[in-house]
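Close look at the chain arrangement
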Amino acid sequence: MTAAFAARVDAALADPVLKIAVERTAGTAEAKRTLAVDAFPDFEAARTRAAAIKDHVVANLGAYLERFEANATAAGATVHWASTAQEACDIVLALCRQAKAKSVARSKSMLGEEIGLPHALAEAGIERIETDLAEHIIQLAGERPSHIIWPAMHKTREQVSALFKASHHAPHEEETIAAMAESARRHLRDAMLGADVGISGANFLVADTGAVCTVTNEGNAELSLVPPRMHIVTAGIEKIVPSMPHAVHLLRMLSRSATGAPLSQYTTFYTGPRRPGDRDGPAEMHIVLVDNGRTRMRREGLAEMLRCIRCGACMNHCVVFRQIGGHAYGGTYPGPMGAVLTPAIDGLAASRDLPNACTLNGKCQEVCPVRIPLPTLLRGWREKSWREGLEPASVRSGLALWAWFARRPRLYRAATATALKSARLMGGGWLSRLPLAGGWTRHRDMPAPAPKSFMDQYRQGRRR
Amino acid sequence: MSARDAILAALGPASGDDLDRAAAALLIDPERPPVDPTQLEETFAARLLLPSVAASYAAVAGFADVPAAIAAYCAEHGLPRHLCAPPDPRLDAADWSGIDRHLDPAPDEPLALAVAECGVAETGSLVMRTAPTAPMLPNFLALHHVVVVPRLVAYLEDALPTEPMPRGYYWITGVSGTTDIEGTYVRGAHGPRYLHVIRLISEN
């Protein structure tokens, strides 16, 4: 394990409030998803269909992107293409300058986080108004999202209250979550209505109409995107769906998997800029299609990961995420999907710990609405890390030693028999300390070995 | 090479299948929560009461009855008879005496009226589209949002536009809400805190 990752995990495990905060939200999400899935007959078949829709799109992605581009252009939007995060940020900044933007209202977008858009806007001296309540909270705290649906999941109500009191012009007086949300509503509304540019991501890009779909519960996307002169969309190229009915199927899966609702409160399809006679809407609409490693993922064995619709169910159900929260992962995307995506985006050398921070219990794959084989993809990264020699010398030599014994069965059995004997000498029941494994036994006990090993019993059984 | 050319080159040619036929095959008999077509009114009204939707509901005959329904809603909630309403000719034809209507929403607009294209029994969604007679912003600024629903359909698919897409096509499924602080549900996050549906029974 790298020192940086170990330090982040240690900090997360030692944080007295983090686990409470994560548990409150992830636990609720897990329970609500279960109810929603139980109320949907054929949910398993619906997952299979959702996976097939995404596979079809990924297999024909070039053709669908060209189709989307043609239809969005026909509707009056301008489509831009970016191979890298830097190119995408440069396009957005150039558009903001063209619009002479002093402030931009941003509706939560994980792709925006992935390409470093908040940082790029700050560098360019453009005021950024995060309008999603959770993004607003972490903007005030100067932090990064810790979950893709609930970016401020790691914050308790007490921490949010302190942040709002320090920065809102007329903060809440009553210490309730409703009063805190009301304080943010008052604080953000004027800022949103005064923004020069609205920036969003996309939940879906609809190829046959050129529409861009956003999904929110708060209505902040619409309030951020309708008043300004310009609407900029940044979207990953894998967000394409062939048509509106395909989007409908995936929306049914998305909301149930994310929040347990049959549908999120606001599902909006934006097709081009303001039309003649319209009383509101932006004069310009720009869509930036971002690759940032996706074509390489498709080529190099990670096409299944491009099915992901960013619902967050995998992390809500992950035993590791529930212990350490999202920040310990160190990337834009946490949890199981993040452990697959981060090595593809940031490089395996910098993130080889993430595929190892997994028990392979398979829960993520069971709840994934598009059936991504996350454990298989994580194992693929482990194997690649080994092949490329990224594992540290201690792990390599330890495994080499084990392999040397394992290929010599008699010697191996003699060695394990000796080890078992000495472990039995240390006492029965549970062992609270083991030589060379102090790190493991610091937090838990090891069961003492049974009086007879499996091999002993097996041999006895054969003799009978 | 431009980014566009680089991305398309990296993706290579399509699989060679007939795209439209393959895409259509993925939609045959889709799984969805069952809706009894003979019970659309009851199902829709029940969906509006779900905690995540949390809308109130009134049924009247037609557009001519909308002003009276608005007056009743204002009385119930202690609101002045003063609302932001779209320039929709079907509304204009009604008798609005005693109710003050304006077109442009205030930043803290207390009450806005809109006409939905239809309601969806599957989810309790209100299907909206922008047009010169249907602005979008008032529907998100208002604290109280009242929506007239002239027609019902069973499923979301039944509500999809058949003609070219309007600029904004959107489904409202409940009041603005958030669970961003400790997963606790709060209504009225940025948009309306109250949603009231006026169902026009005889328009269907």
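Residues numbered from 1 in each chain as written. Chains lettered and ligands numbered in written order. Predicted model: local features only at pLDDT ≥ 70, side-chain atom pairs only at ≥ 80, totals over all residues. Heavy atoms only, no water.

Our focus in this paragraph is the overall build of chain B. For chain B, the helix and strand inventory stands at 6 helices and 12 strands. The C-alpha extent of chain B, read off along each of the three principal axes, is 65 × 45 × 40 Å. The burial tally for chain B puts 56% of its 204 residues in the buried class. A total accessible area of about 8,000 Å² is found for chain B, and carbon and sulfur atoms account for 56% of it. Taking the average location of the 13 positive side-chain charges in chain B and that of its 26 negative ones, the two points are 2 Å from each other. (Helix = DSSP H or I, 4+ residues; strand = E, 2+ residues; numbered from the N terminus. Buried < 20%, exposed > 50% of the residue type's maximum accessible area, 1.4 Å probe, protein only. Areas by Shrake-Rupley, 256 points an atom, 1.4 Å probe, with all protein chains shown as cover. Lys, Arg positive; Asp, Glu negative; His and termini not counted. Charge placed at Lys NZ, Arg CZ, Asp CG, Glu CD.)

With that settled, consider the overall build of chain A. A count of helices and strands for chain A gives 24 helices and 12 strands. Since a compact globule built from 464 residues should have a radius of gyration of about 23 Å, the 25 Å found for chain A is in line with a globular shape. Taken along the three principal axes of its C-alpha coordinates, chain A extends 90 × 55 × 45 Å. Across the 464 residues of chain A, 55% fall into the buried class. (Rg over C-alpha atoms; globule rule 2.2 N^0.38 Å.)

Here we take up the sheet that holds strand 9 (residues 168–172) of chain B. Pairing is mixed in the open sheet, where 8 strands are placed in the order 8(A)-5(A)-6(A)-9(A)-9(B)-6(B)-5(B)-8(B). Looking at which strands have only one partner, the edges of the open sheet turn out to be strand 8 (240–241) of chain A together with strand 8 (152–153) of chain B. (Pairing = 2+ DSSP bridges.)

All names here are of chain A. On the surface, a nonpolar cluster with roughly 370 Å² of combined accessible area is contributed by Trp386, Val395, Leu399 and Trp402. The leading source of residues in the nonpolar patch is helix 21 (residues 393–406), at 3 residues. Considering the arrangement of structural elements, one finds Trp386 in helix 20 (residues 374–387). (Patch = residues over 30% accessible without salt bridge, like charges linked within 9 Å, V, L, I, M, F, W, Y side chains within 5 Å. Salt bridge = Lys/Arg side-chain N within 4 Å of Asp/Glu carboxyl O.)

Attention now goes to the environment of Val370 of chain A. Residues and elements named next belong to chain A. With respect to the helices and strands, Val370 occurs in the loop between helix 19 (363–367) and helix 20. Between the alpha carbons of Val370 and Ala141 there is a distance of 34 Å; along the sequence they are 229 residues apart. Ignoring any residue separated from it by four or fewer positions in sequence, one finds Val370 in contact with Arg47, Ala50, Ala51, Lys54, Leu250, Arg307 and Cys308. (Contact = heavy atoms within 4.5 Å.)

Let us now look at the sheet that holds strand 3 (residues 127–130) of chain A. All names here are of chain A. On the basis of which strands lie adjacent, the open sheet formed by 6 strands has the order 1-10-7-4-2-3 and parallel pairing. Single-partner strands in this sheet number two, and they are strand 1 (78–82) and strand 3. Neighbour-to-neighbour, the strand axes of this sheet turn through a mean angle of 20°, independent of strand direction. Of the strand pairs in this sheet, strand 2 (residues 103–106) and strand 4 (residues 197–200) are connected by 3 bridges, and their pairing is parallel. Its bridge partner lying in strand 4, Ala105 is registered against Gly198. Each of strand 1, strand 2, strand 4, strand 7 (230–236) and strand 10 (284–290) touches helix 5 (residues 85–98); the most contacted strand, strand 1, lies at about 145° to it. Most of the contacts of helix 8 (residues 133–141) go to strand 3, to which it runs at about 135°, and overall it touches strand 2 and strand 3. (Axes fitted to C-alpha atoms, helices over the stretch in contact; angles between N-to-C directions.)

Glancing now at the domain arrangement of chain A. Domain assignment breaks chain A into domain 1 (11–294) and domain 2 (409–463). Centre-to-centre, using C-alpha coordinates, domain 1 of chain A lies 52 Å away from domain 2 of chain A. (Domains from an automatic or database assignment.)

Sequence positions flagged by UniProt for "domain: LUD" (unreviewed entry) are, in local numbering, residues 113–198 of chain B. Here residues 113–198 of chain B runs as 5% helix and 38% strand, with 10 Å between its end C-alpha atoms. (UniProt positions renumbered as here; feature names shortened; annotations may be inferred.)

This brings us to the side chain of Thr178 of chain B. Along the polypeptide, Thr178 of chain B turns up in strand 10 (residues 177–178). For Thr178 of chain B, the contacting residues outside a window of four places in its chain are Leu133, Ala181 and Glu218 of chain A together with Thr184, Tyr185, Val186 and Ala189 of chain B.

This part takes up the UniProt feature "domain: Lactate utilization protein B C-terminal" (unreviewed entry) in chain A. UniProt feature "domain: Lactate utilization protein B C-terminal" (unreviewed entry): in the numbering of this structure it lies at residues 399–460 of chain A. The annotated region residues 399–460 of chain A carries 58% helix and 6% strand content, and the separation between its end C-alpha atoms amounts to 31 Å.

Turning to the interface of chain A and chain B, a few remarks are in order. Every contact between the two is made by 97 residues of chain A and, on the other side, 74 residues of chain B. With both chains or domains summed, chain A and chain B bury close to 7,000 Å², and 60% of this area falls on carbon and sulfur atoms. For the pair chain A and chain B, the interface holds 12 salt bridges. For Arg49 of chain A, the salt bridge is made with Glu31 of chain B, and the minimal N-O distance between the two is 2.8 Å. Between chain A and chain B we count 42 residue pairs in polar contact (both at pLDDT 80 or more) in total. If one sorts the elements of the side of chain A that touches chain B by residue count, helix 10 (residues 177–193) of chain A sits on top with 10 residues. (Buried area = accessible area lost by both parts, 1.4 Å probe. Polar contact = N/O pair within 3.5 Å; in protein donor to acceptor, adjacent residues only side chain to side chain.)

All names here are of chain A. Counted according to the given criterion, the structure contains 5 cavities of 30 Å³ or more. The space that makes up the largest cavity amounts to roughly 590 Å³. What lines the largest cavity is a set of 36 residues, and nearest its centre among them are Lys108, Ile148, Ile149, Asn203 and Val215. Broken down by secondary-structure element, the contributors of at least two residues to the lining of the largest cavity are helix 6 (110–114), strand 6 (211–216), strand 7 and helix 12 (244–258). (1 Å grid on protein atoms, 1.4 Å probe; cavity = no way out; pocket = protein on both sides within 12 Å on 5 of 7 lines; lining within 4 Å. Points joined across faces, edges and corners; volume = space filled by probe spheres on them.)

Residue and element names in this part refer to chain A. A positive phi angle is found at Lys100, which is not glycine, with a value near 50°. In this structure, Lys100 sits in the loop between helix 5 and strand 2. Even without glycine at this site, Asn292 takes up a positive phi of about 45°. Tracing the chain through its elements places Asn292 in the loop between strand 10 and helix 13 (294–299).

This paragraph deals with the pattern of salt bridges. A side chain of one charge can pair with a side chain of the opposite charge when the charged atoms of the two come close. Under the defined criterion, the tally for this structure stands at 39 salt bridges over all chains. We note a salt bridge from Arg4 of chain B to Glu69 of chain A, for which the minimum N-O separation is 2.6 Å. Remark: Glu69 of chain A occurs in helix 4 (residues 61–74) and Arg4 of chain B occurs in helix 1 (residues 3–11); the pair is interchain, linking two chains. The class of Arg4 of chain B is partly exposed, set by a relative accessible area of 26%. When the shortest N-O distance is used, the salt bridge between Arg279 of chain A and Asp104 of chain B registers 3.1 Å.

Let us look at the layout of surface pockets. For the largest pocket, the calculated volume is near 1,100 Å³. Along the wall of the largest pocket there are 27 residues; nearest its centre are Met1, Phe5, Val9, Asn356 and Arg444 of chain A. A total of 5 residues in the lining of the largest pocket trace back to one element, the largest contributor, which is helix 1 (residues 3–14) of chain A. Partitioning the lining of the largest pocket into residue classes produces 14 nonpolar, 6 polar and 7 charged. Here the second largest pocket defines a volume of roughly 650 Å³. Along the wall of the second largest pocket there are 27 residues; nearest its centre are Thr259, Gly260, Ala261 and Pro262 of chain A together with Ser52 of chain B. Secondary structure elements with two or more residues in the lining of the second largest pocket: helix 2 (18–38) of chain A together with strand 10 of chain B. A per-element tally of the lining of the second largest pocket places helix 2 of chain A first, with 6 residues. Here the lining of the second largest pocket is built from residues that sort into 12 nonpolar, 11 polar and 4 charged. (Nonpolar A, V, L, I, M, F, W, Y, C, P; charged D, E, K, R; others polar.)

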